[in-house]
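One letter stands for each residue in the lines below.
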Amino acid sequence: MSFLTTIFRKSGVYWVALCLENGIVSQGSTKEEALLKMKEAVASLDLALSDDTSLYTSPIPINELHEFLTVEGQEPTSEIYELRAVHA
């Protein structure tokens, strides 16, 4: 298991989580549901990587992070985002 940096934001009625190390995105009705789905997706990716060493992962590019943070509008907002170290 490792720690992954994940950022959470509210999108409508859902919480959306983005893993900065690999670009995985998850969503849920609550932050905890989004976190659980993130952990499941990371476990699935880890399994795929162990089965196929030719798969490539990389940290999310800054332009994709910017898109994640501004997807609901053109400019960054003054919303509060949560950044967590997730044990996955």
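Structure: see above.
Note that the structure is a prediction, hence the values are computed from the model and not measured. (Residues numbered from 1 in each chain as written. Predicted model: local features only at pLDDT ≥ 70, side-chain atom pairs only at ≥ 80, totals over all residues. Heavy atoms only, no water.)

A. Representation of the pattern of salt bridges within the structure. In the structure shown here, the tally under the stated rule is 1 salt bridge. Of the charged contacts, one joins Lys37 and Glu33 as a salt bridge, the two residues approaching to 3.4 Å between their closest N and O atoms. On the criterion of helical spacing, the pair formed by Lys37 and Glu33 is a turn pair, its members being 4 residues apart in helix H1 (residues 31-51). Exposure remark for Lys37: the relative accessible area of 37% places this residue in the partly exposed category. (Salt bridge = Lys/Arg side-chain N within 4 Å of Asp/Glu carboxyl O. Helix = DSSP H or I, 4+ residues; strand = E, 2+ residues; numbered from the N terminus. Buried < 20%, exposed > 50% of the residue type's maximum accessible area, 1.4 Å probe, protein only.)

B. Spotlight on H1. With 21 residues, H1 should cover 30 Å at 1.5 Å per step; its first-to-last C-alpha distance of 30 Å lies within 8% of that length. Listed as buried for H1 are Ala34, Leu35, Met38 and Val42. Looking straight down H1, one finds its buried side chains confined to an arc of 95°; they lie on one side. Facing away from the buried surface of H1 by more than 90 degrees, the exposed residues are Leu47, Ser50 and Asp51. (Expected span 1.5 Å × (residues − 1). Arc of directions from axis to C-beta.)

C. Expanded view of the nonpolar core. Membership of the largest hydrophobic core is limited to 11 residues, which are Leu4, Phe8, Trp15, Ala17, Cys19, Ile24, Ala34, Leu35, Met38, Val42 and Val86. Considering every element that reaches this core, the biggest residue donor is H1, with 4 residues. Within the second largest apolar cluster, 6 residues are counted, among which are Ile7, Leu18, Leu65 and Phe68. (Core = buried A, V, L, I, M, F, W, Y, C linked by side-chain atoms within 4.5 Å.)

D. The environment of Trp15, seen in detail. Checked against the element boundaries, Trp15 lands in strand S2 (residues 14-19). The spacing of Trp15 and Thr30 is 15 residues in sequence and 5.8 Å in space, taken between C-alpha atoms. Excluding its chain neighbours within four sequence positions, the residues that come into contact with Trp15 are Phe8, Arg9, Lys10, Ser26, Gln27, Gly28, Ser29, Thr30, Lys31 and Ala34. (Contact = heavy atoms within 4.5 Å.)

As far as function goes, none of this settles anything; it's purely spatial.
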